[in-house]
Amino acid sequence: MEMSFRKLPDDQHEILVRGRKGPDVRLPARPVGPTVPHDLVHAVVETALGIEDGFWGATARGATFQGFELVTPGRHHRSGLKVLRRNGDAVMAAELSVNWAYRAWRGLSTDGRGVGPAPLDADALARTGPRLDAAAARWAVVPEGGELLWRWGSDR
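Residues numbered from 1 in each chain as written. Predicted model: local features only at pLDDT ≥ 70, side-chain atom pairs only at ≥ 80, totals over all residues. Heavy atoms only, no water.

A. Here's a closer look at the packing of helix α1 (residues 38–49) against helix α4 (residues 122–140). Remark: α1 packs on α4, axes separated minimally by 9 Å, with the N-to-C direction vectors making an angle of 140 degrees. For the element pair α1 and α4, the recorded crossing hand is right-handed. The residues of α4 that touch α1, namely those facing L40, V41, V44, V45, T47, A48 and L49, are A124, R127, T128, R131, L132, A135 and W139. In terms of residue class, the contact of α1 with α4 is made up of 10 nonpolar, 2 polar and 2 charged. (Axes fitted to C-alpha atoms, helices over the stretch in contact; angles between N-to-C directions. Helix = DSSP H or I, 4+ residues; strand = E, 2+ residues; numbered from the N terminus. Left-handed = near helix turned anticlockwise from the far one by under 90°. Contact = heavy atoms within 4.5 Å. Nonpolar A, V, L, I, M, F, W, Y, C, P; charged D, E, K, R; others polar.)

B. Region of interest: the pairing of strand β1 (residues 2–8). In terms of burial, β1 is a largely internal element, 6 of the 7 residues being buried. Note: β1 against strand β2 (residues 12–18), 7 bridges, orientation antiparallel. Within β2, the position partnered with M3 by the bridge is V17. Hairpin geometry of β1 and β2 is characterised by an intervening segment of 3 residues between the two adjacent antiparallel strands and by a positive phi of about 60 degrees at D10. Judged from the 5 bridges that link them, β1 and strand β5 (residues 147–151) form a sheet pairing that is antiparallel. Residue pairing in the sheet places E2 in a bridge with R151 of β5. (Buried < 20%, exposed > 50% of the residue type's maximum accessible area, 1.4 Å probe, protein only. Pairing = 2+ DSSP bridges.)

C. Structural view of α1. An ideal rise of 1.5 Å per residue puts 16 Å on 12 residues; α1 measures up with 16 Å between its terminal C-alpha atoms. Among the 12 residues in α1, 11 count as buried, and that is most of the element. All of the buried residues along α1 are D39, L40, V41, H42, A43, V44, V45, E46, T47, A48 and L49. (Expected span 1.5 Å × (residues − 1).)

D. Spatial organisation of the sheet that holds β5. The strand order across the open sheet formed by 5 strands is β4-β3-β2-β1-β5, and the pairing between neighbours is antiparallel. Edge strands, defined here as strands with exactly one partner in the open sheet, are β4 (69–70) and β5. Here α1 sits on the sheet in contact with β1, β2, β3 (25–31) and β5, set at roughly 30 degrees to β5. Sitting on the sheet, α4 is in contact with β1, β2 and β5, with an inclination near 145 degrees to β5.

E. Structural detail: the pairing of β2. By the alternation rule, side chains of β2 split into H13, I15 and V17, which are all buried, and Q12, E14, L16 and R18, of which none is buried. Relative to β3, β2 runs antiparallel, the two sharing 5 bridges. In the sheet register, V17 faces β3, and the bridge partner there is V25. As consecutive antiparallel partners, β2 and β3 are separated by 6 residues, and within that stretch G19 has a phi angle of approximately 75 degrees, a positive value.

Structure representation (C-alpha cells):
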C-alpha cells in the first residue's frame, strides 16, 4: 500500500491511499498540525514498532475511517466497516502508542494526572524518535503542491 501525503497551502495536507485491499481512498484537505500530519506520524510509529493491526494496517486490509472518501464511488463502505469492527481494539491500542510516542518526541508531558501508565517503554521510544525526526525532515522539504510518498511497512 502506498500513501501520498500532499502538502497544500495554508498549512493543509491531503492523503491519497492506493494499493490496499479494496478501492483507493483519499482524505480531503485538513490541517497539518505543529510538525507533520498526524496520519504520517501513525505510519512512522506503527512501522517502527511493527504494529500491523493499527490504523494503517487496518486501512491496508480495507478498513474505512471517518473522513476518508472513495476515490471512485462504489459500494465498499460496508466491508470496510467490517474490517474496523474486527480490529477496533487493536486500532485504539495503536492510537495510544502513536500518541505517546509523538508526545515524547515533541517533549510534551507524558506524566501527571489523568495520563495513565506508559504504553511504550524506553526501547520503543528509542526506535520511534529517530524515525519521527527523519519523517519530519522529509516533510519539511516537500514544497507546496508536492507530495511525500510512504510505502506501508517501510521507512520510505
